[in-house]
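Letter by letter, the chains look like this.
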Amino acid sequence: MHDLLPEALDELGLILYPIASEAGREAAARELARRMMAGELKPWELTFRINQRYGHELPLTARLAELDDEYAFLEYGGDEEVAQIDAEVTTEAHPRVPAEPTGDPT
């Protein structure tokens, strides 16, 4: 199965990223950002998942992890502050959603 999967995905025009590679983690982060932009996740859910999975280590998502920290500090904050962070998350996530997959899978 492992020998056939890369060839089958290539025939379909899909890229197989090694899960532990930086490209694989970036692809997963982009998918989470795409889901948020599609309304499937709330901005705080995106930042929470990014921070839980990658912390501040992945350069592509470091700012999203920082914004998750900001949500945590808002435990007693108002709706206006939450809306401001939501807007920053949306701005930060938007360029993470490519029209088509790009990049070298290695």
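Because the structure is predicted, anything quoted here is derived from the model rather than measured. (Residues numbered from 1 in each chain as written. Predicted model: local features only at pLDDT ≥ 70, side-chain atom pairs only at ≥ 80, totals over all residues. Heavy atoms only, no water.)

**Points about the overall build of the protein chain**
Across its full length, the protein chain carries five helices and zero strands. In the protein chain, buried positions account for 31% of the 106 residues. By element, 54% of the accessible surface of the protein chain is carried by carbon and sulfur atoms, the whole surface being about 7,300 Å². (Helix = DSSP H or I, 4+ residues; strand = E, 2+ residues; numbered from the N terminus. Buried < 20%, exposed > 50% of the residue type's maximum accessible area, 1.4 Å probe, protein only. Areas by Shrake-Rupley, 256 points an atom, 1.4 Å probe, with all protein chains shown as cover.)

**Some points on helix H4 (residues 62–73)**
For H4, which comprises twelve residues, the first-to-last C-alpha distance of 17 Å matches the rise-based estimate of 16 Å (1.5 Å per residue) to within 8%. Listing the buried residues of H4 in full gives Ala62, Leu64, Ala65, Leu67, Asp68 and Tyr71. Here the buried face of H4 lies against helix H3 (43–54) and helix H5 (79–93). (Expected span 1.5 Å × (residues − 1). Contact = heavy atoms within 4.5 Å.)

**Notes on the nonpolar core**
Met36, Leu46, Ile50, Leu64, Ile85 and Val89 are the most contacted members of the largest nonpolar core, which totals 17 residues. Where this core is concerned, the elements lending two or more residues are helix H2 (22–37), H3, H4 and H5. For Ile85, the residues in contact, after removing those within four places along its chain, are Leu67, Glu70, Tyr71 and Leu74. (Core = buried A, V, L, I, M, F, W, Y, C linked by side-chain atoms within 4.5 Å.)

**A look at the pattern of salt bridges**
Under the defined criterion, the tally for this structure stands at six salt bridges. Among the ionic pairs, Arg34 bridges to Glu31, the shortest N-O distance being 2.7 Å. Here Glu31 and Arg34 lie together in helix H2, a separation of three residues that amounts to about one turn. Here Glu31 falls in the partly exposed class, since its relative accessible area comes to 35%. (Salt bridge = Lys/Arg side-chain N within 4 Å of Asp/Glu carboxyl O.)

**Observations regarding the side chain of Asp68**
Inspection of the secondary structure puts Asp68 in helix H4. Although Asp68 is buried, it forms no salt bridge, and the closest oppositely charged side chain is Arg49 at an N-O distance of 10 Å. Residues in contact with Asp68, not counting those within four places in the same chain, are Trp44, Thr47, Phe48 and Asn51. (Lys, Arg positive; Asp, Glu negative; His and termini not counted.)

**Digging into the environment of Arg25**
Along the chain, Arg25 falls in helix H2. Linking Arg25 and Arg53, residues 28 residues apart in sequence, is a C-alpha distance of 9.0 Å.

**Brief notes about the packing of H2 against H5**
With their axes 10 Å apart at the nearest point, H2 and H5 run at an angle of 125° to one another. By the angle between their axes, H2 is oblique relative to H5. For the crossing formed where H2 meets H5, the hand is left-handed. Across the interface between the two elements, Ala33, Met36 and Met37 of H2 pack against Val89, Thr90 and Ala93 of H5. (Axes fitted to C-alpha atoms, helices over the stretch in contact; angles between N-to-C directions. Parallel < 35°, antiparallel > 145°, perpendicular 65-115°, else oblique. Left-handed = near helix turned anticlockwise from the far one by under 90°.)

Shape descriptors only; they carry no functional weight alone.
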